[in-house]
Amino acid sequence: MEKPTQIRILKDLMRMLDAKENVDAGVMYRNPTSVYTCPDLAAREWRTFFKGHTQLIGLSSDLPKPGSYLTLDDFGVPVLATRGKDGTCRAFLNVCRHRGVQVAQGEKGTQSAFSCPFHQWTYSNQGDLIAIPDEQQFGEIDKSCHGLIALPMEERHGMLWLHPDTDGVMNLENMLGALQPELANWKFENLVAMGQTTIAMRLNWKLANDTFGETNHFDKLHKNTLGRITHASCLNYETFGRNHRFVFPRRMIDELRQTPEADWRLTDGATTLYFLFPNIQFIIGNGSINIVCLYPDPEDPNRSISKINHYFTKGAIAAAAEIEGHGDNVTSETVYEISQSDTGIPSLNAIKEVFNSTIEQEDYLMGETTQRAAETGMMEHIIFGRNEPALHHYHQTFRAALQMPPLEEMSG
Ligand code: FES
Ligand SMILES: [Fe+2]
């Protein structure tokens, strides 16, 4: 984000704190609870937003060097993503061309080739079929036509994107829209991946998303966690097409007031959350970024999976590593090595754990009870207040994308 925008947002947050104001959409809406339970709607969502939609699979450091690979299966398609020796990222169906067995095993690692466990047809990490055992007995196969089946993939601004359909068209211009330059400015390519957390719970994926939609619960539900380090009910909010930016102050903003404006950095006084429609939250703190991607359970609208990818800046890792005895000369290479070890830096692991447990043990527990309420069929609507514009925008966008009528305004 450009410096003038950072200063403008910080000043707006300070003004709102002084005036005890929050964002005000000027309108309330009713949201029908059936959107969280309807199997027909869930089937449409799955086709439109998951199987048929561009997906974020991580940041550049999730494929940190030539030979890196990762596997995933979050949108109904087994995927293998690799970084070739030419440095280019590619994605494939993780499916052997012989009899369709899953080729690459494990969640991630470094491998120059993948050998299918069934009969050991072997593929390079660029997808070429390079060996067929017993080839003379098997019969003649044109290897050049039987590489792994490629999926559309692009690495842009440090983000890894793919389309889970071989014929899918990735339109990142549309997906990122007007936020593209601002996202590029965060230099996600410089971050270091430090693990992934999966949370599977009994709530619709949109209810999980809704927990990221306002800050007026920070000093209630999160009073002993997030509420200790943030100012609740104070939000700078802006929409960018289907996406939005959502910035809330941390208590450190009070100290910024004593320092010259030219030295202000948004991350010193506030947390920035970008929502990329339909299912991605980037949460940008001071030295750390968490990306939460939400996926429905395709078999059950009442369940969802959240994949949280954790990243830290090299500066944050180096500072924590030095304090914790990894020496006073933490190089980029050391940062990479430390990042590969889950027990490497306890203070950074603690940051991850607090983030995860706040979501799992606080936010999503609320969402699970809302799910139960929706399933009764007797509570027809929930209400989004004037101070919850992110929820208005998300649900209106969701409904428009599926040609549903807009939310109904509520007069009181
Ligand atoms: S199924 Fe992969 S080698 Fe036979
Ligand atoms: Fe929350």
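Not measured: the values here are computed from a predicted model. (Residues numbered from 1 in each chain as written. Chains lettered and ligands numbered in written order. Predicted model: local features only at pLDDT ≥ 70, side-chain atom pairs only at ≥ 80, totals over all residues.)

By the assigned domains, the chain splits into domain 1 (3-52 + 172-410) and domain 2 (57-162). Here the C-alpha centroids of domain 1 and domain 2 sit 32 Å apart. If you list the elements that add at least two residues to the side of domain 1 that touches domain 2, you get helix H2 (39-51), helix H5 (180-185), strand S13 (192-201) and strand S19 (300-312). Of all the elements, S19 adds the most residues to the side of domain 1 that touches domain 2, at three residues. Considering only residue class, the side of domain 1 that touches domain 2 consists of twelve nonpolar, one polar and four charged. (Domains from an automatic or database assignment. Helix = DSSP H or I, 4+ residues; strand = E, 2+ residues; numbered from the N terminus. Nonpolar A, V, L, I, M, F, W, Y, C, P; charged D, E, K, R; others polar.)

Of all hydrophobic cores here, the largest spans 100 residues; its most connected members are Ala 81 and Ile 317. If one sorts the elements of this core by residue count, helix H12 (residues 346-376) sits on top with six residues. Looking at which domains feed residues into this core, each of domain 1 (3-52 + 172-410) and domain 2 (57-162) supplies at least three. When sequence neighbours within four positions are dropped, the list of residues in contact with Ala 81 reads Ile 57, Leu 63, Tyr 69, Leu 70, Cys 89, Ala 91, Met 153, Leu 160 and Leu 162. (Core = buried A, V, L, I, M, F, W, Y, C linked by C-beta atoms within 7 Å. Buried ≥ 20, exposed ≤ 12 C-beta atoms within 10 Å, placed from the backbone. Contact = placed C-beta atoms within 7 Å.)

Pairing of strand S3 (residues 68-72) with strand S6 (residues 108-110) involves three bridges; the strand directions are antiparallel. Paired with Leu 70 across the strands is Lys 108, a residue of S6. Direction of pairing for S3 relative to strand S4 (residues 79-83): antiparallel, over a ladder of four bridges. Paired with Thr 71 across the strands is Leu 80, a residue of S4. Linking S3 to S4, which pair antiparallel, is a turn of six residues; within it Gly 76 sits at a positive phi near 80°. (Pairing = 2+ DSSP bridges.)

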